[in-house]
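# Examination of the molecular architecture
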Amino acid sequence: MTDPQPQGGRTIAPMDPMFDPASDVAPNAPQRALALHRQLDRTWSDEPGWRGFLTSVNHGTIGLRFMATSFVFFAIGGVLAMLIRAQLATRDGAFLDVELYNQIFTMHGSIMMFLFAIPMLEGLALWLLPKILGARDMAFPRLSALGYWCYLFGGTVIVLSLVAGVAPDGGWFMYVPLADSTHTPGINADVWLLGVTFVEISAMAAAVEITVTILRCRAAHMPLTRMPLMGWYLLGTAVMMLVGFPPLILGSILLEVQRAFDWPFFDIARGGDPLLWQHLFWLFGHPEVYIIFLPAAGALSTIIPIMSRTTILGYGAIVAAIAGLVFLSFGLWVHHMFTVGIPHMALAFFSAASALVAVPTAIQVFAWIGTLWDGKVSFRLPMLYVMGFFLTFVLGGLTGVMLAMVPFNWQAHDTAFVTAHLHYVLVGGFVFPMLAAVSYWMPLICGRWRVRGLGESAFWLILIGFHGTFFLMHLTGLLGMPRRVAVYPNNPEWEWLNLISSIFGMIMSAGFALFAFDVVMQWLFGRRSWRNPWGAPTLDWAMPVPAPSYNFASLPGPRQPDSSALLPLARGEGLLPGAPRDLRETLALDAGSGRPDHVAVLAKSTMLPLFTSAAIGSFFGAVLAGLYWLAPVGIVLTLIAAWKWGDIMGSTTDHPDVRVAPGLTLPLHWQTRNTLARTGTVALLLADGTLYASLLFGVGFLSVVAPAWPAPASGLSTLPMAVTAALALAAMAVGLIAAHRAEALRDRAAGTTWAGIGLAACLVALVALAGLALGLDDPRRHARDALRAVILGFAVFHGVVTAMLALRSLADARGGRTSWARRGAAPIWQLFQSFWLGTSAVSLTLVAAQEVLS
């Protein structure tokens, strides 16, 4: 192993032809690079001191915070893993009592899945995406900061619950009825349900952020078909998060409501079914495996060609494989439930789908192997971790195919074999690639080169320790050892395997500790790294090291396709040079073609994300403490914070178009309809629609499968309820018409009038929904009645959001923040009003159908 040498004049072919020369634009005239740097640094840098820590919204700072915090949680989860191994090293297990052991293995799984893996990929995406796409920041910097604070607060509460002795103890999947109030009467399960839901706000924020950034904030004239592969991987990840996380959020809400108010969603005696929890959980749980894998695979597709001095093999095939994985991953969840009594036809379908998902994975593996074969591989530290990935992940994939076969799954289900398979897939498919990614991008993060020898030693300790720990667990599982047991006094045949696994587990832990030490030493004492030490041709290395807060002094265009553009971009020869208006500006593009559309003005440093996360946290804290009377205070505080977020959507003055390059001027985002906020709202409503579809799935599932159906006769007053429902829908329709008119009209007075009409219509609809709520049957009586109450609550929640947007549109119109060119919040209001009307119509039709058919 040798240190990388400067590449000199040697040319490396770029991975992808990212730009169409036919769409070229004239470059800007050269400027003084130092003057541009000072101007941009003043505008984009965080505030100094503790205030900067609390107010930062810069993607580089937030991304590094996510990654650093996730590594801290990873270390905590690793310590818990070693406690588990110490307990299982002997069959008498005198190290921990059973109750504490249950808390520890639950916390280990929860931390690794929710507090390490997902936040780690979020941090990498936030830090890296603008750099590889040629932008200055993510689309919504405040949303990134909000996600971090929610993650930090929620994760801290979950971890501190272990110190307080009230940690969750039902397994990281919280199966019902084990997790209901009868079998877990304390707040242990509530900590998991509320803490994870709070943390998932961070995941949803990151999913919206990543989706909009990839679609709208790429380098000018970079079509999706020529985007770097990492962008495709992260786009697939974000879409999966938008669709995969809502079922878990819904399930957590339903279970918490059952525990708190005795609404029987999972109570068989009153029309519920515990299998509904399993379906909702694994609708999230299996896609999550690929949510974790895809960003890691993106890192591999970036690192392997560069370490092999060649281009990636099969760009189009890899993109197709990503799309295939995204699609197929949502058809596999039932293979976690093969032993619960699924009909044979369903068993055959999900078994075949589980085997079929190996095909797109294999396509990527063969593309990577072909790239290695075609190039000249340099076995530096990132490449060592890539080799560790191949060895580990392929073995995990093979055992996954074994578990996809129903007869074998019945034998190995809930044994240590499944635990070993899970760790081979997650550590092989995520941890090894992430360690490679950290090693690869550390010079860009800190501007320093690593201390020789430490990284290689850490790699071998991790590799040997991991396989010594988990390969033997396959054998332990085949000998019949179940998961989640604290002692096994009557099974001496398991002891020597567990003892060896525990010894190797300590070796693996030493390797991870040495890796962390290596990173710290590189950050503090490593020698200064030269620019682009790997000789990479990608845009992320077309900047100084460490990367500046603004990434690019001018944005890449058709003449600046790769890392060779450092000096032209630094001299302002690209697009939108400097910060002449003292605004944080970046280009927003047409999603498909990459044609520049407008200049987006991004938020500067602010306390608002911190205050908003604290407001949301106060609601969750009140519910966790059982102070339900105090929870509305958190809701009010959250609404106040949400109102402040809308300030950036309007402007009191019309702005002239901005000169982006000679012959190219673009409007600022206030004066265009197709804003980043509108695209983000569409992404958010995709997740919202998935949550609603999951709720409808719950209604259908319980109606067909739960044994205590049909439900008791309803006490609804048919005619009054029908009239009230019709009034609610009519008011929503009026609100939708008003939203369209308020957005389309250029006259301020008319806009004010229609916004007022829309707000009044929203309030009428909310009053009508309140009248419907008063006529509902007791939700504690039967699961049907409880689901009706949840459906109505869903409509009320979206009515409040829509009314807030209508009020914002009215305030903007009256305050002169809208004009013939400035539309303000009206386009967003339209989208939410349409969604509210559509889902409410479906919900009320469903209830009516239940009444007719009952």
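Everything here concerns the structure above.
The model shown is predicted, which means the values in this text are computed figures rather than measured ones. (Residues numbered from 1 in each chain as written. Predicted model: local features only at pLDDT ≥ 70, side-chain atom pairs only at ≥ 80, totals over all residues. Heavy atoms only, no water.)

The description of two helices packed together rests on the angle between their axes and the distance between the axes. At a closest axis distance of 11 Å, the pairing of helix 4 (residues 98-133) and helix 5 (residues 141-163) adopts a crossing angle of 165°. In terms of orientation, helix 4 lies roughly antiparallel with respect to helix 5. Our pair here, helix 4 against helix 5, has a crossing hand that is left-handed. Judged by residue contacts, Gln103, Met107, Ile111, Leu115, Pro119 and Leu126 of helix 4 engage Ser144, Tyr151, Gly155, Ile158, Val159, Ser161 and Leu162 from helix 5. Across the contact of helix 4 with helix 5, the residue classes break down as nine nonpolar, four polar and no charged. (Axes fitted to C-alpha atoms, helices over the stretch in contact; angles between N-to-C directions. Helix = DSSP H or I, 4+ residues; strand = E, 2+ residues; numbered from the N terminus. Parallel < 35°, antiparallel > 145°, perpendicular 65-115°, else oblique. Left-handed = near helix turned anticlockwise from the far one by under 90°. Contact = heavy atoms within 4.5 Å. Nonpolar A, V, L, I, M, F, W, Y, C, P; charged D, E, K, R; others polar.)

Enumeration according to the criterion identifies 19 salt bridges in this entry. For Asp262, the salt bridge goes to Arg270, with nearest N and O atoms at 2.8 Å. Of the residues examined, Asp262 reaches a relative accessible area of 37% and is grouped as partly exposed. Arg788 is the partner of Glu851 in a salt bridge, and the nearest nitrogen-oxygen pair spans 2.7 Å. In this pair, Glu851 sits in helix 24 (residues 826-853) while Arg788 sits in helix 23 (residues 783-814), placing the two residues 63 residues apart along the sequence. We classify Arg788 as buried; its relative accessible area is 5%. Residues joined by salt bridges that share partners form a network here, namely Asp777, Arg781, Arg784 and Asp785. (Salt bridge = Lys/Arg side-chain N within 4 Å of Asp/Glu carboxyl O. Buried < 20%, exposed > 50% of the residue type's maximum accessible area, 1.4 Å probe, protein only.)

Most of strand 2 (residues 596-602) sits inside the fold, with seven of its seven residues counted as buried. The hairpin turn running from strand 1 (residues 584-589) into strand 2, its antiparallel successor, is six residues long, and Gly594 in that turn takes a positive phi close to 85°. (Pairing = 2+ DSSP bridges.)

To continue, consider the packing of helix 6 (residues 188-216) against helix 7 (residues 229-261). For the pair helix 6 and helix 7, the least separation of the axes is 8 Å and the interaxial angle reads 155°. Here helix 7 runs roughly antiparallel to helix 6, going by the angle between their axes. Helix-helix and strand crossings are classified by hand; for helix 6 and helix 7 the assignment is left-handed. Considered class by class, the residues forming the contact of helix 6 with helix 7 number 23 nonpolar, four polar and four charged.

Next up on the list: the packing of aromatic side chains. To describe a pair of aromatic rings, one takes the distance between the centres and the angle between the planes. A complete count under the given rule lists 54 aromatic pairs for this structure. The interplanar angle of 90° and the centroid separation of 5.3 Å between the aromatic rings of Tyr385 and Phe459 together place this pair among those described as edge-to-face. On the criterion of sequence distance, the pair formed by Tyr385 in helix 12 (residues 381-404) and Phe459 in helix 15 (residues 454-478) is long-range, its members being 74 residues apart. Residue Phe459 is classed as buried on the basis of its relative accessible area, which comes to 2%. (Phe/Tyr/Trp six-rings, centres within 6.5 Å; stacked < 30°, edge-to-face > 60°.)

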